[in-house]
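Chains, contacts and geometry: an overview
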Amino acid sequence: MTDAMSAIDSSTPTKHYYPIICIDGPSGAGKGTAAWRLAKDLEYQLLDSGALYRIVGLKAFEAGLISSDTTQPIDEAALLALTQDLHIAFELNHESVCIDIVVNGKIVGQKVRNETVGGYASQVAVFPSVREALLALQQDMATRSGLVADGRDMGTVVFPNADAKIFLSASAESRAKRRVAQLNTSGQQADFDAILNTIKARDERDENRDASPSKPATDALYIDSSTLDADEVYQQIKAYCQGQGICF
Ligand code: DC
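These remarks concern the structure in this document. (Residues numbered from 1 in each chain as written. Predicted model: local features only at pLDDT ≥ 70, side-chain atom pairs only at ≥ 80, totals over all residues. Heavy atoms only, no water.)

1. Looking at the environment of Thr227
Here Thr227 lies in the loop between β8 (221–224) and α10 (230–243). For the pair Thr227 and Ala170, spaced 57 residues apart in sequence, the C-alpha to C-alpha distance is 8.3 Å. (Helix = DSSP H or I, 4+ residues; strand = E, 2+ residues; numbered from the N terminus.)

2. Looking at the pairing of strand β3 (residues 88–93)
Here six bridges tie β3 to strand β4 (residues 98–103), and the two strands are oriented antiparallel to one another. Residue pairing in the sheet places Phe90 in a bridge with Ile101 of β4. (Pairing = 2+ DSSP bridges.)

3. With respect to the packing of helix α3 (residues 49–62) against helix α6 (residues 128–140)
Put simply, α3 and α6 touch, their axes get as near as 11 Å, and they point 135 degrees apart. Of the possible angle classes, the one that applies to α3 and α6 is oblique. Along this stretch, α3 crosses α6, giving a crossing that reads as right-handed. Contacts between α3 and α6 involve Ser49, Leu52, Tyr53 and Val56 on the former and, on the latter, Val130, Arg131, Leu134, Leu137 and Gln138. (Axes fitted to C-alpha atoms, helices over the stretch in contact; angles between N-to-C directions. Parallel < 35°, antiparallel > 145°, perpendicular 65-115°, else oblique. Left-handed = near helix turned anticlockwise from the far one by under 90°. Contact = heavy atoms within 4.5 Å.)

4. Some details on the sheet that holds β4
Pairing is antiparallel across the open sheet formed by three strands, whose spatial order is β3-β4-β5. Either end of the sheet is taken by a strand with one partner, and the two such strands are β3 and β5 (106–108). When strand polarity is set aside, the average angle formed by the axes of neighbouring strands in this sheet is 35 degrees. Where β4 lies against β5, three bridges are found, and the strand directions are antiparallel. Across the sheet, the residue bridging to Val102 is Ile107, located in β5. Where α3 meets the sheet, it contacts β3 and β4, and its direction lies at approximately 130 degrees from that of β3.

What follows is the structure in structure tokens.
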């Protein structure tokens with residue numbers, strides 16, 4: 001036995017290393033679909049960090065802490081207390097492109113997925129104390145298996161040492177067009193201009209806040225999906241991840 005080997009203390013627990021893939025970018029660029037497909041193909045966990053902020057945003061609205069009038073001041077201490085009371089977990093739904101969100105033991109349906117709740121999420125996401133309260137939960141997800149993390153600050157703040165980082169963007173117009181098509185497909189009326197304005201307002205708040213603004217990590221692969229379909233986006237991401245040493 002060499003000296004180096006004999007120096008190893010056999011009581012030291014073995015550290016496991018699990019790969020992390022981050023996909024950041026504005027809503028409607030296709031992050032959710034690409035992240036779901038990656039997690040499914042690689043059998044990794046999926047962290048939908050936007051859903052965390054959506055849940056906090058919806059709870060804050062229900063508690064009367066925020067309203068759609070974004071000029072109203074928000075009670076940060078009450079918001080933080082509410083955030084710390086939440087126990088959130090994710091389960092990948094293998095049948096359809098979504099994840100089941102479990103909050104305090106109960107599955108939350110699609111009610112957090114609309115644009116109104118997206119706006120509440122963006123309002124609560126500006127508070128550093130709220131972001132800090134959600135940080136450990138997010139980082140903890142990378143300790144059990146490989147992880148695909150979808151959000152705004154995954155590659156810059158939450159997982160700066162990730163194995164692969166992608167910033168997936170698209171013009172506001174193309175994202176609004178996709179949203180209108182989605183709503184029409186589900187039988188709902190949609191006003192393109194109203195949707196475009198909402199998208200632009202949310203981008204503006206997410207990109208210009210002080211705390212963890214939405215921006216590409218310096219070492220991220222930047223993809224503009226304005227003229228790409230979901231499969232083309234996925235193939236680009238897959239090829240890049242393979243180049244980063246991730247085995248499919
Ligand atoms: O990805 P999404 O549309 O579900 O995100 C909703 C809002 O949550 C988004 O407008 C800003 C905020 N968010 C954030 O600040 N940081 C993240 N990592 C993810 C989302």
